[in-house]
Amino acid sequence: MYHSLSLAFQHKSHYSTNELAYVSVVLFLRCLVTADQLASYSSSNFGGPSKLTLVEVFYPQPRCQPSSDLPAPIVTTVSQNYSVSSVQASINSYFITAVKLWQIITFNGNRIEREVRTILLSMKSLHLETWPAFQKFLIDFRIYTGQYNSSDIPLIENPLKLASLLCSMSNFKGAAAAALNAIETIGQREGTNFGENSENGKSGLAGSADREDLSFFNYQMHGKDKRDYSVQKRFHFISEDRFEIIYYAANILIRCLHETLDSAIDEYCTGHLLTLLQLEWPSHAAEMVMDHIMADIRKRGSFCYFPNFADFVIEPDFLETFMFLANQESKTVALELFGPGIAASGIGY
């Protein structure tokens, strides 16, 4: 039906404004209401209804100049929650259709938009100006289409969505704070420690789904050749699953730390980025970040992440990289990773 309406707008001289407006309103409300209903699911974490939240997924930008003619953003979800997974395709379809309809309505002249708004406002039972589903859609619409601005910030209560918006606006300090707040808030609501997973007796992230399934740098979304790296924007309907929240918060923090790496005044930025990047390893996107990290360390001529390195950096590829760097004959980079005593025996200075 959307395609038929789209064609009608292309030949709108054949139809009256009222006809186009009424059909647009009916189809838009159908998509909006259905997407909002599908976004609700039963959460075992909180013992009650929860909501999927639309956020932007961030990944390292290629150094090459992106084309000005980029494809439309895509919407995905990697939730392992069965009640969420069963409606993934549907919610994506309804949301994108609602977005396209709103674009048609608002980009086809003041007359159509004015008529549509008149119809919507005439439906007194909707209470359009205060209807939560519509207000939420308007924010999601602006985030999806890149039409957001600072006035949207006070309207967002969900810390994950706030982190997403602030990161899009390059407010990396605010985005990092919001991401950490999301983890703290969810932990308080669950009343549990993120280091424990009572559902299967495993601890930490090892008790979650496969790393590849929760990865935001996963290979399905990028070309296998780094030279063919995609700059297409991606959005994700994120659930309130504890592990999905941790991984998305890590995605935000990786972006924030990576974007501020060159201007960082201490080496903790590099070390923390290195630690978080292990969640996305191996992937071509993570390799791009790792290449930037190593280039920054070589440029500085030194790197100190003691005592945190021994506790948090466990990825074999990372350890091998630093072993190679530590044992180079030129020894142009001074490393302090395990303390002065151990450093002298091989992997430090």
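The coordinates are above.
Everything numeric in this text was worked out from a predicted model, so none of it was measured.

Draft legend 1. Molecular detail of the overall build of the chain. The helix and strand tally for the chain stands at 15 helices and seven strands. Split into buried and exposed, the 349 residues of the chain put 49% on the buried side. Across the chain, contacts joining residues at least 24 apart in sequence account for 69% of those joining residues at least 6 apart. Total accessible area on the chain stands at roughly 17,700 Å², and carbon and sulfur atoms take up 54% of it.

Draft legend 2. Layout of the sheet that holds strand 3 (residues 53-57). Reading across from one edge, 3-5-4 is the order of the three strands in this open sheet, with mixed pairing throughout. Edge strands, defined here as strands with exactly one partner in the open sheet, are strand 3 and strand 4 (74-76). Sheet twist, expressed as the mean angle between neighbouring strand axes with direction ignored, is 30°. As paired strands, strand 3 and strand 5 (residues 234-238) are joined by five bridges and run antiparallel to one another. The residue of strand 5 that forms the bridge with V57 is R234. Across the sheet, helix 7 (residues 159-168) touches strand 3 and strand 5, and the angle it forms with strand 3 is around 30°. Relative to strand 5, helix 10 (residues 242-259) is tilted by about 150°, and along the sheet it contacts strand 3 and strand 5.

Draft legend 3. Structural context of the nonpolar core. Membership of the largest hydrophobic core comes to 55 residues, with the highest contact counts inside it found for I252, I293, I297, F322 and L335. Counting residues in each nonpolar core, the second largest holds 40 residues, with L20, A98, V99 and V116 among its members.

Draft legend 4. View of the environment of K161. Considering the arrangement of structural elements, one finds K161 in helix 7. C-alpha separation for the pair K161 and A175, spaced 14 residues apart in sequence, amounts to 9.6 Å. Setting aside residues no more than four positions away along its own chain, K161 makes contact with T53, L54, V55, I139, D140, I143 and I156.

Draft legend 5. Highlighting the pattern of salt bridges. Throughout the structure, instances matching the rule amount to seven salt bridges. One salt bridge in this structure joins D36 and K51, with 3.2 Å as the shortest N-O distance. With D36 in helix 2 (residues 17-38) and K51 in strand 2 (residues 48-51), the pair connects residues that are 15 residues apart, well separated along the chain. Through salt bridges with shared partners, one network takes in K136, D140 and K161.

Calculation notes
Residues numbered from 1 in each chain as written. Predicted model: local features only at pLDDT ≥ 70, side-chain atom pairs only at ≥ 80, totals over all residues. Heavy atoms only, no water. Helix = DSSP H or I, 4+ residues; strand = E, 2+ residues; numbered from the N terminus. Buried < 20%, exposed > 50% of the residue type's maximum accessible area, 1.4 Å probe, protein only. Contact = heavy atoms within 4.5 Å. Areas by Shrake-Rupley, 256 points an atom, 1.4 Å probe, with all protein chains shown as cover. Pairing = 2+ DSSP bridges. Axes fitted to C-alpha atoms, helices over the stretch in contact; angles between N-to-C directions. Core = buried A, V, L, I, M, F, W, Y, C linked by side-chain atoms within 4.5 Å. Salt bridge = Lys/Arg side-chain N within 4 Å of Asp/Glu carboxyl O.

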